[in-house]
Amino acid sequence: MITVNKERMLAEFKEIVAIPCHTLKERPVFDYLKAKLEGLGFTVDEDDAGAKLGGNCGNLWAFLPATKAGATAVLLSAHMDGVEPCGGTTVVQKDGVLYSDGTTILGGDDKSGVEGILEGLRLLAESGAPHGDIQILFTIAEEGGVNGSRCMDKSRLRADVGYALDGEGAPGEIVVGAPGQYRYTIEVHGKKAHGGIEPEKGINAVMIAAKALADVKRYGRIDEETTANIGIISGGVATNVVPDLVTIQGDARSRNNDKLAAIRDEIVNTIVESTEKYGAKAVANVEHKYSSFLVAEDSPVVELAKKACAAHGFTPDVTLTGGGSDANFINAAGVPCVILGTGMANVHTVEEYLKEEDLYNSALMVYGILVAAAE
């Protein structure tokens, strides 16, 4: 029975989360991981996603050729960046749980996925087990819009199945579906005037935006697979100036493309039409962020993950999510990809934590999948 080198894995995790990993400034993490993968025999390359996005590095691609002909080719993915405050993290261990010292995030999102991949690869090398082609994709700029995988060089993909280690459930979680997303920005244009001397000459964009938003009847949880949110409202320059511009920003998500288009149109059209009804002008910009995906539970990518669970005593939890990830773009590029849970919790906060057991088990999931792919 293969066992994780816990001391090695924990020490490396602490090293990784201490490296600065600000979005679009992931070069220090890239260089660290490049050295690690080359030490495991991988050929490492970099695409031009960073140049497209204005970052200091691109996505990291690595490849190890098969030792067994006919084996399933596997893609393993995680993202290199973290939300603020990140980097320079000091890990605190307490009762088998990892925390930060409270001044930064822990970085389990997504360094638990990165470390699970690295240790899983080492276990494979140390076991001498045969394997198919292995491809690694460590992305930039996942936080704040899943932009690194959106800009990835899709022609580099050469796997049969893919796994994005970026889920909040414990190892054994297999996320087979996620929503698509539209993001919208609506500018409400009124007319500026002095608020104390001649307010009647103005058109108050704040008040009209408020009325238009009140006309939106459906938002929040629409149904089990559809949500919509108004997230940001900004405008005005001073209390004595009738505001002439307010910006409204929000998004809509659904795992059903028809429902997604319908709620997008409903919200945007309601705000635009109401704005004009109340005497102002509206300009809307709608951006398609990513498409939904749904992988069949009996597909090879899911079956391999289930075999890994069985080999290491994990209970498979096939589920769906309400958020987007790199898996959306990997699926859109033609590689069936699911999201694997790594146990990260309270992500995007300084209260983030990760059970040591989940960290170690993530490596066993990776190892189990690679072994099953060659059976």
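Look up: the structure comes first, before these words.
These remarks concern the structure in this document. As the structure is a computational prediction, the values presented were derived from the model and not from experiment. (Residues numbered from 1 in each chain as written. Predicted model: local features only at pLDDT ≥ 70, side-chain atom pairs only at ≥ 80, totals over all residues. Heavy atoms only, no water.)

Considering the layout of surface pockets
No. 1: Size it by volume and the largest pocket reaches roughly 500 Å³.
No. 2: As for the largest pocket, its lining consists of 24 residues, and the residues nearest its centre are Glu142, Asp166, Gly323, Gly324 and His348.
No. 3: Residue assignment for the lining of the largest pocket shows that the elements contributing at least two residues are strand S7 (161–167), strand S8 (173–178) and strand S9 (180–189).
No. 4: Counted by class, the lining of the largest pocket contains six nonpolar, ten polar and eight charged residues.
No. 5: Its volume calculated, the second largest pocket comes out at about 160 Å³.
No. 6: If you trace the second largest pocket, you find it lined by Arg183, Asn229, Gly231, Ile232, Gln249, Gly250, Asp251 and Arg253.
No. 7: Looking at the lining of the second largest pocket, the elements that each hand over two or more residues are strand S12 (226–235) and strand S14 (245–254).
No. 8: The biggest single contributor to the lining of the second largest pocket is S14, with four residues.
No. 9: The residue inventory of the lining of the second largest pocket, partitioned by class, reads one nonpolar, four polar and three charged. (1 Å grid on protein atoms, 1.4 Å probe; cavity = no way out; pocket = protein on both sides within 12 Å on 5 of 7 lines; lining within 4 Å. Points joined across faces, edges and corners; volume = space filled by probe spheres on them. Helix = DSSP H or I, 4+ residues; strand = E, 2+ residues; numbered from the N terminus. Nonpolar A, V, L, I, M, F, W, Y, C, P; charged D, E, K, R; others polar.)

Remarks on the nonpolar core
No. 1: Leu37, Leu76, Ile136, Phe138 and Tyr163 are the most contacted members of the largest nonpolar core, which totals 88 residues.
No. 2: With ten residues, helix H10 (residues 356–372) is the single largest residue contributor to this core.
No. 3: Not counting the four nearest positions on each side in its chain, Leu37 is found in contact with Phe42, Val44, Leu60, Ala62, Leu118, Leu121, Ile136 and Phe138.
No. 4: Ile186, Ala228, Val268 and Ile271 belong to the second largest nonpolar core, which has 22 residues in total. (Core = buried A, V, L, I, M, F, W, Y, C linked by side-chain atoms within 4.5 Å. Buried < 20%, exposed > 50% of the residue type's maximum accessible area, 1.4 Å probe, protein only. Contact = heavy atoms within 4.5 Å.)

As for the side chain of Arg264
No. 1: If you trace the backbone, Arg264 turns up in helix H7 (residues 257–277).
No. 2: Polar contacts involving the side chain of Arg264 include one to the side chain of Tyr182, which spans 3.1 Å.
No. 3: Excluding residues that lie within four positions of it along the chain, Arg264 makes contacts with Tyr182, Ala252 and Val286. (Polar contact = N/O pair within 3.5 Å; in protein donor to acceptor, adjacent residues only side chain to side chain.)

Quick word on the pairing of strand S4 (residues 91–94)
No. 1: Strand direction decides the pairing type here: S4 and strand S5 (residues 97–100), joined by four bridges, are antiparallel. Following the sheet pairing, Val91 is matched in S5 by Ser100.
No. 2: Hairpin geometry of S4 and S5 is characterised by an intervening segment of two residues between the two adjacent antiparallel strands and by a positive phi of about 55° at Asp95. (Pairing = 2+ DSSP bridges.)

Some remarks on the pairing of strand S18 (residues 337–341)
No. 1: Burial of S18 is extensive: five of the five residues sit out of reach of the surface.
No. 2: By the alternation rule, side chains of S18 split into Cys337, Ile339 and Gly341 and Val338 and Leu340, which are all buried.
No. 3: In this structure, S8 lies alongside S18, joined through two bridges in antiparallel fashion. Bridging from a neighbouring strand, Ile174 pairs with Leu340 of S18.

Re the pattern of salt bridges
No. 1: The final tally for this structure, using the stated rule, is 21 salt bridges.
No. 2: A salt bridge links Glu287 to Lys289; the shortest N-O distance between them is 3.6 Å.
No. 3: What you see here is one network of salt bridges that share partners, running through Arg8, Glu12, Lys36, Glu115, Glu119, Arg122 and Glu126. (Salt bridge = Lys/Arg side-chain N within 4 Å of Asp/Glu carboxyl O.)

Observations regarding the sheet that holds strand S19 (residues 353–355)
No. 1: Read from one edge of the open sheet, three strands run S4-S5-S19, paired in antiparallel fashion. Both edges of this open sheet fall to S4 and S19, since each of them pairs with a single strand only. Neighbouring strand axes in the sheet, compared pairwise and without regard to direction, differ in orientation by 25° on average.
No. 2: With three bridges connecting them, S5 and S19 associate as antiparallel partners. Note that in S19 the partner of Leu98 across the bridge is Leu354.
No. 3: Along the sheet, H10 makes contact with S4, S5 and S19, crossing S19 at roughly 65°. (Axes fitted to C-alpha atoms, helices over the stretch in contact; angles between N-to-C directions.)

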